[in-house]
Amino acid sequence: MGWISPHSENGSVRPAFPLTLGMGSPLGSSPSSRAGRRCHGDGPLAEARLVSLQGMAGQFRSYVWDPLLILSQIVLMQTVYYGSLGLWLALVDGLVRSSPSLDQMFDAEILGFSTPPGRLSMMSFILNALTCALGLLYFIRRGKQCLDFTVTVHFFHLLGCWFYSSRFPSALTWWLVQAVCIALMAVIGEYLCMRTELKEIPLNSAPKSNV
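Think of each chain on its own: its residues are numbered from 1, step by step along the sequence as written. Where local features are concerned, this predicted model is filtered to residues with pLDDT of at least 70; where side-chain atom pairs are given and counted, the filter is 80 or more; whole-chain, interface and lining totals use all residues. The side-chain quantities take in all heavy atoms of the structure and omit both hydrogens and water.

1. Re the packing of aromatic side chains
- Two aromatic rings from Phe, Tyr or Trp, using only the six-membered ring of Trp, form a pair when their centres are within 6.5 Å; if the ring planes differ by under 30 degrees the pair is stacked, by over 60 it is edge-to-face, and anything between is tilted. Considering all chains together, one arrives at seven aromatic pairs under this definition.
- Each ring, one from Phe168 and one from Trp175, has its centre 6.0 Å from the other, and the planes form 35°; the classification is tilted.
- Ring plane angle 90° and centroid distance 5.0 Å describe the contact between Trp174 and Trp175, whose orientation is recorded as edge-to-face.
- In this structure Trp175 comes out as partly exposed when scored by relative accessible area, which is 35%.
- An aromatic cluster of three or more residues is present, and its members are Tyr81, Tyr82, Phe106 and Tyr164. Burial status follows relative accessibility: with a 1.4 Å probe on protein chains alone, a residue under 20% of its type maximum counts as buried, one over 50% as exposed, and anything between as partly exposed.

2. Some points on the pattern of salt bridges
- Just to be clear on terms, a salt bridge is a Lys or Arg side-chain nitrogen sitting within 4 Å of an Asp or Glu carboxyl oxygen. One pass over the structure, following the stated rule, counts one salt bridge.
- For Arg167, the salt bridge goes to Asp107, with nearest N and O atoms at 3.9 Å. You can see Arg167 sitting in the loop between helix H6 (146–165) and helix H7 (172–199) and its partner Asp107 sitting in the loop between helix H4 (103–106) and helix H5 (116–139), a full 60 residues away along the chain. Helix and strand assignments follow DSSP, with helices taken as H or I runs no shorter than four residues and strands as E runs no shorter than two, numbered in order from the N terminus.

Shown next, in the form of structure tokens:
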């Protein structure tokens, strides 16, 4: 670092100041370089740590508004919802030797504890919520979006029931079952997605040096 003499040519005294370059930083001592030396030190180990931090930051995905992707995910989750629900209904109906029907899926009045088809349908809806939570894990993969997609799937199911029976679902049992399914699907799906997101973050990826 160079210093300008405090004495001018005419003999007057003026304050000494360091010779600076660029934006006013002393020569060879920029703020970024001083901060880098304070945080990481000098040498190959510091460079390795810096590269490891940059790689860690690169693992965080940046998300942008993509309507086509969101629409594709909605269609995919709706397919998973009705596909797995149909499989569960066929399975439980086969166990009790009952014939499956679309009424078990879209008729809001059939759900209840008083009839065997109603109990089977309720069981299938609960099991289907667990299956759809796995669908959130594999196809959505973001904990913050699990509730949004869960509500969207059940909203379209509400419209399907309304269209199938030509009347708005008013049975209290149907609404209770849907509320339980929404809670199970959203909570379990968010839990699974958050576990996956935490596994993708390396906590100690800096190389060790043998001293």
